[in-house]
Structure formats: C-alpha cells, structure tokens
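Remarks on the overall topology
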Amino acid sequence: MGSADSGSQLPIISIAPYWDSQSANTTEREAVSKALHAACVEYGFFYLDISQCVDLAEPEELARLAREFFALPQVEKDKIALKHQDFARGYQRLKENVTNGKADNHEGIDIYRPVENPDKSRPLWGENQWPTVLGFQTKYEKWIEKMKKLGMILMEAMAYGLGMNAEEWRDLRAQVDDSFWVMRIIGYPSLPDDHDGFSCGAHKDYGCLTLLYADPTKSALQVFLRKRLWINADPIPGCIVCNIGEMWEIWTNGLYKSTLHRVVHRGTNYRIPFFFEPNFTARVAPLPVAGDTPNEVYKPIVYGEFLMKKVGSNFSVDPVPGGKHD
Ligand SMILES: N=C(N)NCCCC[C@H](N)C(=O)O
Ligand SMILES: O=C(O)CCC(=O)C(=O)O
Ligand SMILES: [Fe+2]
C-alpha cells in the first residue's frame, strides 16, 4: 500500500512573478523564493503553478503524440532503439529500464541536449532519434525551449531563496547556462499485480530540477517524505510536479535533499518529465552560501561523469562497450 495521504500536502508555488521579467515585483519574488526554500528543505518536491505562463493544452497535445507513437507495432518503435545510437538516446522497450536491479514496467524515449560533433560510439554523445509521427519533433522541441526557460528561472528563484546575492547567482548560473538537459517521454501500461517491481522503482533524480508533466492518474507518483512515509503526488490542474536532483544536495551540502520517489501506475498513460541539469562539464561542489551546514560533507563531482555512471547502470542491455560503469 502507498498511503492514504493526499499529495496536496506538498506546497503549491506559482512561478508567475519570475516568469514575466517586465513586471518584476520584488516582494512577490521574495515570497516565491522563500516558499521554494522551505519546500526544498522540507520535501524536495513541490507543485509549480505555471498556468499563467504556459498553455497547458500544449503538453496535452504532446501526450496525444506520445500515444500515437507508443501504439505503433514494436518493430516500428524499435527503429529508434537506443542500440542504434549511443545506448542513451532513443527508444527503450517495456522493462528495458532497470531501477534497483528490477525491470521497470514502462517504455520510453529519451532525448538529450544535442551535441556538436555527435559520435555514437561515445556514451551519451550520439544523435537524438525522433519518432516520425507527424508534428512530433517540432512540437516537442517547442516544449523543450519552454522547459529550459522555466528551469533557468526556477534556478534563479531558488538561488535567491537560498540566500545568494547577485554575484553568487552569476557563478551558479555559469554551471547551468548550457544545461545538459534530458527529456523523457514515458509510456506506462497498467502495472500488473504480479510484476516484481514498479512502474519505475524508487530513485533520486540526478541533476538540478525535474519538471514533470503528469497524466491525471492518481496515486501513480509516490514520494518518500523525511518522516519515512510514502505519499501520493497526484497531479493538480495548472501545475507541474517539480523535484530537485542530487546536484542541489551537493550544492547545499545536504540542506536540500533529493527525495526518493517511485511510480506505481495502475492506468495506461503517458508522462513527460523534463530534467533541467547542469552543463556537462560543470564542476559541482558545496556552495559557500551553504558553508555553515553542519555534519554532511559532499565531495565535488563533474556532472557529465556523474551522469555517465548513472545512465550506464540504467538499462538491461549493456550500454557501454566493455561493460557497465562502477
Ligand atoms: N534522468 C533521470 N532522472 N531518469 C530517470 C531515472 C529513473 C531511475 C533510473 N532507472 C535509476 O535507476 O536511476
Ligand atoms: O512518471 C513519473 O511520475 C515520474 C518519472 C520519474 O520519476 C523519472 O523519470 O525520473
Ligand atoms: Fe524521477
């Protein structure tokens, strides 16, 4: 059993005061930043109200396109399989994703930030593989642009929430200004009762911010609270579900924790998480502003190396010639 708790106990924060740079209202922005700080300390998860910023008919259309793709015969979907590229970009069959050693009951397409000189023999460095469904790529690319903008705005709002000044934000911004973002398009069939595992097993996200457009299915996404209780993060109209990845945990020296979450999807539907991440070459280390956080000491990492290890253990097929990382 998950829990009877409703996901609405997670805070709802409107990003509108930061979205429109013309109508900057300092008091409103400060309130947003404060709310983000509190949400990150307490939950690592929050609802972001984007109804004044983004037309939510757009992701509904994306979900329709996803449905069209995932309804295709397996041979058609396999034409854009991971193995035709760098074992990271492209289509993954049902149960090809692995979390905590168990097959996840979902299929998906992963799209990453394109690179200048693609080389599919290099991990993560191939080309994206797009479905040929009419309008698919163009419409998803529009969404990516919006989510990149949203990710950066949210980073700024969070930086101020953490107590950074303009100069400190400028330094942090330089670590994410060429985000090695990822977008996943996930198809969830109904989780069978006898499946040994989850629709997606419990994990933390890797980078900065996950911006999830979720289908309306209830009790699908579950979040592990600090008080060691799983709650549902059911979608709220006008909002996306956001959570912070492990890079925020490092930057804040553990003050913000990246929260475990899992998916138990009993419907059949599609979800589109967008992961706003640091630059591939970013060196991520505890920030001076988090200096007086007691106890935990996080070691600096290079984001691209960190990501490569994660992706290297994500699939049941061996993703890297010569073996898995770690
Ligand atoms: N980029 C992100 N966050 N992708 C989703 C991660 C899903 C969990 C993954 N199989 C794992 O075991 O880490
Ligand atoms: O589908 C969801 O609700 C969450 C998916 C997720 O956690 C992920 O892809 O990292
Ligand atoms: Fe996740």
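Residues numbered from 1 in each chain as written. Chains lettered and ligands numbered in written order. Predicted model: local features only at pLDDT ≥ 70, side-chain atom pairs only at ≥ 80, totals over all residues. Heavy atoms only, no water.

**What about the overall build of the protein chain?**
Secondary structure summary: the protein chain contains 8 helices and 16 strands in total. By its C-alpha atoms, the protein chain is 55 × 40 × 40 Å across when sized along the principal axes. Here the protein chain holds 326 residues, and the buried ones make up 57% of them. (Helix = DSSP H or I, 4+ residues; strand = E, 2+ residues; numbered from the N terminus. Buried < 20%, exposed > 50% of the residue type's maximum accessible area, 1.4 Å probe, protein only.)

**A look at the UniProt feature "domain: Fe2OG dioxygenase" (unreviewed entry) in the protein chain**
Mapped onto the present numbering, the UniProt feature "domain: Fe2OG dioxygenase" (unreviewed entry) falls on residues 179–278. Between the C-alpha atoms that bound residues 179–278 the distance is 5 Å, and the span itself is 6% helix and 40% strand. (UniProt positions renumbered as here; feature names shortened; annotations may be inferred.)

**Considering the site of ligand 1**
The environment of ligand 1 is made up of Val98, Thr99, Arg184, Cys200, His203, Asp205, Tyr206, Phe275 and Asn314. Thr99 is positioned with one of its side-chain polar atoms (N or O) 2.7 Å from a nitrogen atom of ligand 1. Between ligand 1 and Asn314 there is a distance of 2.7 Å, counted from a nitrogen atom to a side-chain nitrogen or oxygen. Protein contact buries 88% of the 370 Å² of open area that ligand 1 shows by itself. When atoms are counted within 2 Å of each cavity's grid points, the one that captures over half of ligand 1 is the largest pocket. (Near = heavy atom within 4 Å. Polar contact = N/O pair within 3.5 Å; in protein donor to acceptor, adjacent residues only side chain to side chain. Areas by Shrake-Rupley, 256 points an atom, 1.4 Å probe, with all protein chains shown as cover. 1 Å grid on protein atoms, 1.4 Å probe; cavity = no way out; pocket = protein on both sides within 12 Å on 5 of 7 lines; lining within 4 Å. Sits in = over half its atoms within 2 Å of the grid points.)

**Side note on helix α8 (residues 303–312)**
For α8, the full list of buried residues reads Tyr303, Gly304, Phe306, Leu307, Val311 and Gly312. Check the buried side of α8 and you find it contacts β6 (107–112), α7 (246–251) and β16 (301–302). (Contact = heavy atoms within 4.5 Å.)

**What about the site of ligand 2?**
In the vicinity of ligand 2, the residues found are Arg184, Ile186, Tyr188, His203, Asp205, Leu212, Leu221, His261, Val263, Arg271, Pro273 and Phe275. One nitrogen or oxygen atom from the side chain of His261 is found 3.0 Å from an oxygen atom belonging to ligand 2. In this structure, Arg271 approaches ligand 2 through a side-chain N or O atom, which is 2.7 Å from an oxygen atom. Bound to the protein, ligand 2 loses 96% of the 300 Å² it would expose on its own. Of all the cavities here, the one that holds ligand 2 is the largest pocket. Partitioning the shell around ligand 2 into residue classes produces 7 nonpolar, 2 polar and 3 charged. (Nonpolar A, V, L, I, M, F, W, Y, C, P; charged D, E, K, R; others polar.)

**Description of the layout of surface pockets**
A probe matching the size of a water molecule, rolled over the atoms, marks out where space remains unfilled. Each pocket or cavity is described by its volume, and for the largest pocket that value is around 680 Å³. In terms of lining, the largest pocket is formed by 38 residues, of which the most central are Cys200, His203, Lys204, Asp205 and Tyr206. Elements with a contribution of two residues or more to the lining of the largest pocket: β4 (98–99), β6, β7 (182–188), β8 (200–203), β9 (209–213), β13 (261–263), β14 (269–276) and α8. Residue contributions to the lining of the largest pocket peak at 4 residues, all from β7. As a volume, the second largest pocket reaches approximately 340 Å³. Taken together, 20 residues line the second largest pocket, and the ones lying closest to its centre are Tyr213, Ala214, Asp215, Pro216 and Pro235. When residues of the lining of the second largest pocket are traced back to their parent elements, those giving at least two are α3 (57–70), β9, β12 (239–244) and β14. Partitioned by chemical class, the residues of the lining of the second largest pocket number 13 nonpolar, 2 polar and 5 charged. (Points joined across faces, edges and corners; volume = space filled by probe spheres on them.)

**Remarks on the pairing of β6**
Of all 6 residues making up β6, 6 are buried, and the element is well covered by its neighbours. Alternating positions in β6 separate into two faces, Glu107, Ile109 and Ile111 on one and Gly108, Asp110 and Tyr112 on the other, with burial throughout. Here 3 bridges tie strand β3 (residues 90–92) to β6, and the two strands are oriented antiparallel to one another. Paired with Gly90 across the bridge in β6 is Asp110. Relative to β7, β6 is paired through 6 bridges, and the arrangement is antiparallel. The partner of Asp110 across the bridge, within β7, is Arg184. (Pairing = 2+ DSSP bridges.)

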